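# Structure assessment
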Amino acid sequence: MTVKVAGLKELSQALAGLEKKVSKRISRNAASEGARVIRDDAKKRAPVESGTLRKNIVIKKLKDKKPGFVQYGIGLRSTKATYANTKANVRSGRAGQSYWQDGDAYYGYMQEFGYIQKYVRIQINGRWVTLKDQPLSAPIYHQATPYLRPALESQKTVVVETVKQRIIRELKKEGLK
């Protein structure tokens, strides 16, 4: 999901008149503050059973696709892992390479969009395990409990105002406006 901030010509012109380094810092600070608003609202809306989902909602800085643009995403924490040096991985050429794997709140997307349970699940030592060799007689549909999308929809205007105010504060610090 992307929120485009339009109609801020004066602020963007003021940013363009600054050094590239300073402009980038101001943009980064403003965008991250706007992302924090959505993240905090998503944390409030997230269903709580153990609290893991709420703890794992984070802000991620995305790679800048265009020069002069800053992007942040709100999602679930993930961890970086490395393929082991096994015969299969060596054969496929991925041994030693890294990849992203889901964190502790791997089920967050299932909460957001709903899912169909096809197999028996049991709890062993506090962790849920899916028994893939034991299919259910009839699949169970679990309703969605969205928390990220409503947070974005409800906070759009607040985010725009927050970003605008942060840019104005930063420009005043720099001695402009």
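Here is what the cut-offs are and how they apply
- Residues numbered from 1 in each chain as written.
- Predicted model: local features only at pLDDT ≥ 70, side-chain atom pairs only at ≥ 80, totals over all residues.
- Heavy atoms only, no water.
- Salt bridge = Lys/Arg side-chain N within 4 Å of Asp/Glu carboxyl O.
- Helix = DSSP H or I, 4+ residues; strand = E, 2+ residues; numbered from the N terminus.
- Buried < 20%, exposed > 50% of the residue type's maximum accessible area, 1.4 Å probe, protein only.
- Axes fitted to C-alpha atoms, helices over the stretch in contact; angles between N-to-C directions.
- Parallel < 35°, antiparallel > 145°, perpendicular 65-115°, else oblique.
- Left-handed = near helix turned anticlockwise from the far one by under 90°.
- Nonpolar A, V, L, I, M, F, W, Y, C, P; charged D, E, K, R; others polar.
- Phe/Tyr/Trp six-rings, centres within 6.5 Å; stacked < 30°, edge-to-face > 60°.
- Lys NZ or Arg CZ within 6 Å of the ring centre and 35° of its normal.
- Contact = heavy atoms within 4.5 Å.

### Quick look at the pattern of salt bridges
By the definition in use, this model includes 10 salt bridges. The salt bridge involving Glu-33 is made with Arg-166; its shortest N-O contact spans 2.4 Å. One end of the pair, Glu-33, is in helix 2 (residues 20-45); the other, Arg-166, is in helix 6 (residues 148-173), with 133 residues separating them in the sequence. Each member of the pair, Glu-33 as well as Arg-166, is classed as buried. Where Lys-164 meets Glu-161, a salt bridge forms, and the shortest distance between an N and an O atom there is 3.7 Å.

### Observations regarding unusual backbone geometry
Phi is mostly negative for residues that are not glycine, and the peptide bonds are mostly trans. Notably, Asn-125 is not glycine yet its phi reads approximately 50 degrees, a positive angle. Looking at where Asn-125 falls in the secondary structure, it is placed in the loop between strand 5 (115-124) and strand 6 (127-142). Given a relative accessible area of 79%, Asn-125 falls into the exposed group.

### As for the packing of helix 2 against helix 6
Two elements in contact, helix 2 and helix 6, have axes whose closest approach is 8 Å; the angle formed by their N-to-C orientations is 150 degrees. In terms of orientation, helix 2 and helix 6 fall into the roughly antiparallel class. Crossing handedness for the pair helix 2 and helix 6: right-handed. Here the residues of the contact of helix 2 with helix 6 are counted per class, giving 14 nonpolar, 5 polar and 7 charged.

### Structural notes on the packing of aromatic side chains
The tally for this structure, following the rule as stated, stands at 0 aromatic pairs. The lysine or arginine in question, Lys-61, covers the ring of Tyr-72, its NZ or CZ lying 5.9 Å from the ring centre.

### Considering the side chain of Arg-166
With relative accessibility at 17%, the residue Arg-166 sits in the buried group. Setting aside anything within four residues of it in sequence, one finds Arg-166 in contact with Asn-29, Ala-30 and Glu-33.

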